[in-house]
Amino acid sequence: MLSFVFDRLYVLRNQLVHGGSTWNSGINRTQVRDGAAILGFLMPVFTDLMMDNPDKDWGKPFYPVIP
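Predicted model only: the values in this text are computed from it and were never measured.

Undergrad: How should I be thinking about the overall build of the protein chain in this particular structure?
TA: Looking only at helices and strands, the protein chain features 2 helices and 0 strands. The C-alpha radius of gyration computed for the protein chain amounts to 15 Å, which surpasses the reference 11 Å derived for 67 residues by more than 25%, pointing to a less compact arrangement than a globule. The principal-axis extents of the C-alpha atoms in the protein chain amount to approximately 45 × 30 × 20 Å. Here the protein chain holds 67 residues, and the buried ones make up 10% of them. Only carbon and sulfur atoms are counted for the fraction: they give 66% of the accessible area of the protein chain, which is about 6,100 Å². On the protein chain, the mean spot of the 6 positive side-chain charges and the mean spot of the 6 negative ones are 13 Å from each other.

Undergrad: Looking at this model, I keep getting lost on the layout of surface pockets. Mind explaining?
TA: It is the rolling of a water-molecule-sized probe over the atoms that shows where space remains empty. Taken as a whole, the largest pocket encloses approximately 250 Å³ of empty space. Every residue lining the largest pocket is listed: F6, Y10, R13, L39, M43, F46 and F62. Going through the elements one at a time, α1 (2-17) and α2 (29-52) are the ones with two or more residues in the lining of the largest pocket. Across the lining of the largest pocket, the residue classes tally to 6 nonpolar, no polar and 1 charged. In terms of lining, the second largest pocket is formed by F4, V5, R8, L9, V11, L12, Q15, N28, Q31, D34, G35 and I38. Of all the secondary-structure elements, those providing two or more residues to the lining of the second largest pocket are α1 and α2.

Undergrad: In this structure, what is going on with α1? I would like to understand it.
TA: Working note: α-helix, 3.6 residues per turn, so residues spaced by three or four point in the same direction. When the terminal C-alpha atoms of α1 are compared, their 22 Å separation across 16 residues agrees well with the 22 Å that a helix rising 1.5 Å per residue should span. Positive phi appears at G19, one or two residues downstream of α1, with a value of about 90 degrees.

The rules behind these values
- Residues numbered from 1 in each chain as written.
- Predicted model: local features only at pLDDT ≥ 70, side-chain atom pairs only at ≥ 80, totals over all residues.
- Heavy atoms only, no water.
- Helix = DSSP H or I, 4+ residues; strand = E, 2+ residues; numbered from the N terminus.
- Rg over C-alpha atoms; globule rule 2.2 N^0.38 Å.
- Buried < 20%, exposed > 50% of the residue type's maximum accessible area, 1.4 Å probe, protein only.
- Areas by Shrake-Rupley, 256 points an atom, 1.4 Å probe, with all protein chains shown as cover.
- Lys, Arg positive; Asp, Glu negative; His and termini not counted.
- Charge placed at Lys NZ, Arg CZ, Asp CG, Glu CD.
- 1 Å grid on protein atoms, 1.4 Å probe; cavity = no way out; pocket = protein on both sides within 12 Å on 5 of 7 lines; lining within 4 Å.
- Points joined across faces, edges and corners; volume = space filled by probe spheres on them.
- Nonpolar A, V, L, I, M, F, W, Y, C, P; charged D, E, K, R; others polar.
- Expected span 1.5 Å × (residues − 1).

Shown next as C-alpha cells:
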C-alpha cells in the first residue's frame, strides 16, 4: 500500500517540479493538498522511527550536511 502511495506522490512531485502544475492554476490543487496532508502525517512518524533506532543502518543520506 505504501509503495502505491509513494508512487502517486512521486508523480505529483514530478508534475510540480517539471511544470505539469503551475502557480495559481486550478490543476492538481486537490492532489497537492492531499499529498501535503499525507506527508505531513508520515514524515514525523518516519523521523521518530529513525530517531528511536539510531543503531540501524538507514543508508547514506541523499543530501548530506556540508560544513
